[in-house]
Amino acid sequence: MTFTSAERAAIDAHAAVLGVSAEEYIRRAAADRAVAWQREHDTFSELAQQRGCTVEQLLHRGFLTDEAL
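Here is a short report on the structure shown in this document.

What counts as what
Residues numbered from 1 in each chain as written. Predicted model: local features only at pLDDT ≥ 70, side-chain atom pairs only at ≥ 80, totals over all residues. Heavy atoms only, no water. Axes fitted to C-alpha atoms, helices over the stretch in contact; angles between N-to-C directions. Helix = DSSP H or I, 4+ residues; strand = E, 2+ residues; numbered from the N terminus. Parallel < 35°, antiparallel > 145°, perpendicular 65-115°, else oblique. Contact = heavy atoms within 4.5 Å. Nonpolar A, V, L, I, M, F, W, Y, C, P; charged D, E, K, R; others polar. Salt bridge = Lys/Arg side-chain N within 4 Å of Asp/Glu carboxyl O. Buried < 20%, exposed > 50% of the residue type's maximum accessible area, 1.4 Å probe, protein only.

The next point concerns the packing of helix H1 (residues 5-18) against helix H2 (residues 22-51). Across the interface, H1 lies against H2 with an axial gap of 9 Å and an inter-helix angle of 95°. Classified by the interaxial angle, the pair formed by H1 and H2 is roughly perpendicular. In this structure, H1 contributes Arg-8, Ile-11, Asp-12, His-14, Ala-15 and Leu-18 to the contact, and H2 contributes Ala-22, Glu-23, Tyr-25 and Ile-26. The residue inventory of the contact of H1 with H2, partitioned by class, reads six nonpolar, one polar and three charged.

With that out of the way, let us pick up the pattern of salt bridges. Side-chain pairing between opposite charges can occur once the charged atoms of the two side chains come close. Under the defined criterion, the tally for this structure stands at four salt bridges. Where Asp-12 meets Arg-8, a salt bridge forms, and the shortest distance between an N and an O atom there is 3.1 Å. On the criterion of helical spacing, the pair formed by Asp-12 and Arg-8 is a turn pair, its members being four residues apart in helix H1. For Asp-12, a relative accessible area of 34% puts it in the partly exposed group. Arg-28 serves as the salt-bridge partner of Glu-24, at 2.8 Å between the closest nitrogen and oxygen. Here Glu-24 and its partner Arg-28 are both found in helix H2, four residues apart, which amounts to about one turn of the helix. Glu-24 sits in the partly exposed class, given a relative accessible area of 23%.

Here it is, written out as structure tokens:
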């Protein structure tokens, strides 16, 4: 994986503050993001199934409103 100099400096600095290696920091960040995406995907899939539509229809602008929740 290639990072710009600025990205790598930010990763290194934040990893140092957290007391982990840059590689561990990157692994954790990627895993956290993937788990968050999976939870969101699962939630929207469940909502769409309950409403008898696709996730794309559920997320279509104006289709998902506070009142529908």
